[in-house]
Amino acid sequence: MKPRKSPPAGPAALQSGLVIASHGRHCVVETADGQRVICHPRGKKSQAVAGDRVLWQASQDEGCIERIEPRRNLLYRQDEMRTKSFAANIDQALILLAAEPAFSEHQLARALIACQAAGITPLIALNKADLAAAFSHAWRRLASYRRMGCTVLPLAAAPAAAPGAAAMHALTPQALAAAHLAGRVTLVLGPSGAGKSTLINALIPHARAATGEISQALGSGRHTTTTTTWYWLDAARTSALIDSPGFQEFGLRHIAPAQLAGLMPDFAPHLGACRFYNCTHLHEPGCGVRAAVHDEGADDGSASQAISPSRYRIYADLSAELDQQAWQARGKV
């Protein structure tokens with residue numbers, strides 16, 4: 001359904017709507033009856049993101065967003081250059097990884113920490129189950145995430161010509177939607193090559209056409225790939241996917257160094273076991289976190305509370321990064 005340029009004539013009363021895409025200073029807002037309207041914010045800067053519920057007012061040729069309704073949550077990143085919001089009012093984030101190319105555990109950790117900070121449930125899906133050897137290796141790499149309570153799902157987004165054992169037990173896009181996406185608003189994140197477009201096109205056949213229409217309406221052309229976009233999964237509009245780029249740029253500048261350990265679920269059981277209340281878990285004696293760091297070996301399905309060495313290295317790297325950013329920020333005050 002193409003966004004319309006001119007709302008119906010009549011009194012310019014405030015109407016409720018859902019932001020389904022935003023680019024620059026313009027948004028596409030969907031009304032309660034499914035119509036789509038090009039809107040711009042009241043003021044110089046747009047704060048609305050996909051998933052926002054807004055009140056908008058019809059103007060001469062488009063619409064004007066007058067107010068953003070209170071949000072349940074907001075997932076965003078912040079680096080040295082700017083703050084970038086992904087989406088609002090989402091139920092869960094699907095972090096899509098692939099057996100090949102090999103995923104970055106640092107990128108995965110950043111996305112999980114951002115979700116934890118925003119109170120958003122993450123799901124991890126490992127795609128390309130048809131690549132037996134690569135999938136087996138990648139699945140083992142995710143053992144520590146399964147042990148700390150993350151939901152990790154095997155996925156075959158594209159049908160395999162000769163599926164092996166792993167692919168036969170993996171979820172298809174339709175099975176994933178039925179079991180984990182129905183009735184929810186899900187933000188999809190993933191690095192290049194993970195199969196995000198394949199998954200979305202399998203679940204939403206008209207996604208490419210809808211994206212083209214939104215691009216034309218917003219005048220964003222080839223830059224549409226930088227636009228976070230909302231798609232309905234069902235005619236009743238009870239389930240939705242939000243496709244977002246930018247997985248490689250998950251800056252965590254908005255998180256204080258002292259918050260970091262508490263946002264890592266495998267660290268949480270050990271935070272009360274440190275000798276010092278303000279332990280940084282980096283060098284202090286009697287640190288409960290560092291005492292829990294050891295390699296558990298192969299994933300046996302046990303509820304081990306060990307912290308893997310790779311996860312601890314990620315913590316140390318991110319802690320140094322956040323400390324440096326905090327020091328730089330204090331120097332600018």
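One can find the structure itself at the top, above this paragraph.
These numbers come from a predicted model, not from an experiment. (Residues numbered from 1 in each chain as written. Predicted model: local features only at pLDDT ≥ 70, side-chain atom pairs only at ≥ 80, totals over all residues. Heavy atoms only, no water.)

Novice: What's the story with the nonpolar core in this structure? I'm lost.
Specialist: Across soluble globular proteins, nonpolar side chains have a tendency to be buried as a group. Judged by nonpolar contacts, the single largest core of 63 residues is most densely connected at L75, L108, I124, L142 and Y145. The leading source of residues in this core is helix α1 (residues 105-118), at 7 residues. Beyond its immediate sequence surroundings of up to four residues, L108 is in contact with I95, L97, F103, I124, L142, Y145 and F247. Listed in part, the 20 residues of the second largest apolar core include L94, A98, L123 and I204. (Core = buried A, V, L, I, M, F, W, Y, C linked by side-chain atoms within 4.5 Å. Buried < 20%, exposed > 50% of the residue type's maximum accessible area, 1.4 Å probe, protein only. Helix = DSSP H or I, 4+ residues; strand = E, 2+ residues; numbered from the N terminus. Contact = heavy atoms within 4.5 Å.)

Novice: Got a minute to help me understand the environment of F247 in this structure?
Specialist: Inspection of the secondary structure puts F247 in the loop between β13 (240-243) and α8 (288-291). In this structure F247 comes out as buried when scored by relative accessible area, which is 1%. In sequence terms F247 and I95 are 152 residues apart; their C-alpha atoms lie 9.2 Å from each other. Those residues in contact with F247, other than ones at most four positions away along the chain, are I95, Q107, L108, A111, L189, G190 and P191.

Novice: Quick question: what am I supposed to make of the pattern of salt bridges here?
Specialist: Note on pairing: side chains with opposite charge can pair once their charged atoms come close. This structure, assessed with the given rule, holds 8 salt bridges. Two residues, R72 and D91, come together in a salt bridge whose shortest N-O distance is 3.2 Å. One end of the pair, R72, is in the loop between β5 (63-68) and β6 (74-78); the other, D91, is in the loop between β7 (83-88) and β8 (92-98), and 19 residues separate them in sequence. On the basis of relative accessibility, which here comes to 55%, the residue R72 falls in the exposed class. Ionic pairing is found between D266 and R311, a salt bridge with its closest N-O pair at 2.8 Å. With D266 in the loop between β13 and α8 and R311 in helix α9 (residues 309-332), this residue pair connects regions lying 45 residues apart in the sequence. Each member of the pair, D266 together with R311, is buried. (Salt bridge = Lys/Arg side-chain N within 4 Å of Asp/Glu carboxyl O.)

Novice: It is not clear to me how helix α6 (residues 196-203) should be interpreted in this structure. Could you clarify?
Specialist: Where α6 is concerned, the buried positions are K196, L199, I200 and L203. Viewed end-on, α6 has its buried residues packed into an arc of 95 degrees, placing them on one side of the element. (Arc of directions from axis to C-beta.)

The analysis is restricted to geometry; functional conclusions fall outside its scope.
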